[in-house]
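Geometric and topological summary
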Amino acid sequence: IEGSNDSIRKLDAQTGENLGDLVSLGNTGHAFYGMAFDGANTLYVADFDMDRIQRYDIRTGADLGPLDPANSIGLDGPVGISYGPDGKLYVADYSDRVLRYNFSTAAFEVFIPTGTVVDPYHVEFGPDGNAFVSDALNNRVLRWSPQHHA
């Protein structure tokens, strides 16, 4: 992700060689932060300024539209995203919460509510299945069970 050019570059996995832009929006006010792949040729990108998770085809770079076009949960400045062992997409957003997107219901739900973590920046999963969330303002990492639901 190159923030100054609103682009996502494709790199060779073996050599690290730049293979060119997969997506290039050309300084259009987007602020790409985290990204995650789903294993089915879709790249999910946290677009902080547009308050959405944008989807792209990793083979062609085609824009597949936002994950939740209506922004039903009020996504606010998403930064870190990651797939959990349960197959849901977890999103840390600027509203001091972590959400998860359930593909079966096509809806976001609250995983860690506002007030529990301050300025979550990233969410990642350990081999034990627990979620580790960086709490940037408090300089700590919190651990959560994926079964937790607010």
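What comes next concerns the included structure. (Residues numbered from 1 in each chain as written. Predicted model: local features only at pLDDT ≥ 70, side-chain atom pairs only at ≥ 80, totals over all residues. Heavy atoms only, no water.)

From N to C terminus, the protein chain includes zero helices and 13 strands. Listing the helices and strands of the protein chain from first to last along the sequence gives β-β-β-β-β-β-β-β-β-β-β-β-β. Counting every position in the protein chain, which comprises 150 residues, the buried fraction comes to 41%. In the protein chain, once contacts between residues fewer than 6 apart in sequence are set aside, the share between residues at least 24 apart is 33%. When the accessible surface of the protein chain is totalled, it reaches about 7,600 Å², and 49% of it is carbon and sulfur. (Helix = DSSP H or I, 4+ residues; strand = E, 2+ residues; numbered from the N terminus. Buried < 20%, exposed > 50% of the residue type's maximum accessible area, 1.4 Å probe, protein only. Contact = heavy atoms within 4.5 Å. Areas by Shrake-Rupley, 256 points an atom, 1.4 Å probe, with all protein chains shown as cover.)

Here the focus is the side chain of Thr42. Among the structural elements, Thr42 can be located in strand E4 (residues 42-47). Among residues more than four places away in sequence, those in contact with Thr42 are Ala36, Phe37, Arg55, Tyr56, Ile58 and Leu64.

The next thing to look at is the pattern of salt bridges. One pass over the full model with this rule turns up six salt bridges. With a closest N to O distance of 2.7 Å, Glu109 and Arg100 form a salt bridge. Members of the salt-bridge network, linked through shared partners, are Lys88, Arg100 and Glu109. (Salt bridge = Lys/Arg side-chain N within 4 Å of Asp/Glu carboxyl O.)

Quick look at the sheet that holds strand E8 (residues 89-93) now. Two orientations exist for strands paired in a sheet by backbone hydrogen bonds: parallel and antiparallel. With antiparallel pairing, the four strands of this open sheet are ordered in space as E7-E8-E9-E10. The open sheet has two free edges, formed respectively by strand E7 (78-83) and strand E10 (107-112), since each of these has just one partner strand. Averaged over all neighbouring strand pairs, the angle between strand axes comes to 30°, with direction disregarded. With five bridges connecting them, E7 and E8 associate as antiparallel partners. Of the residues in E8, the one forming a bridge with Pro78 is Asp93. (Pairing = 2+ DSSP bridges. Axes fitted to C-alpha atoms, helices over the stretch in contact; angles between N-to-C directions.)

Turning next to the packing of aromatic side chains. Each aromatic ring pair is characterised by the separation of its centres together with the angle its planes make. The full count for this structure, using the stated rule, is eleven aromatic pairs. Between Phe48 and Tyr94, the ring centres sit 5.5 Å apart and the planes meet at 85°, which makes this aromatic pair edge-to-face. Taken together, the positions of Phe48 in the loop between E4 and strand E5 (52-57) and Tyr94 in the loop between E8 and strand E9 (97-102) put the pair 46 residues apart, joining distant regions of the chain. Each ring, one from Tyr90 and one from Phe111, has its centre 5.0 Å from the other, and the planes form 85°; the classification is edge-to-face. With Tyr90 in strand E8 and Phe111 in strand E10, the pair connects residues that are 21 residues apart, well separated along the chain. (Phe/Tyr/Trp six-rings, centres within 6.5 Å; stacked < 30°, edge-to-face > 60°.)

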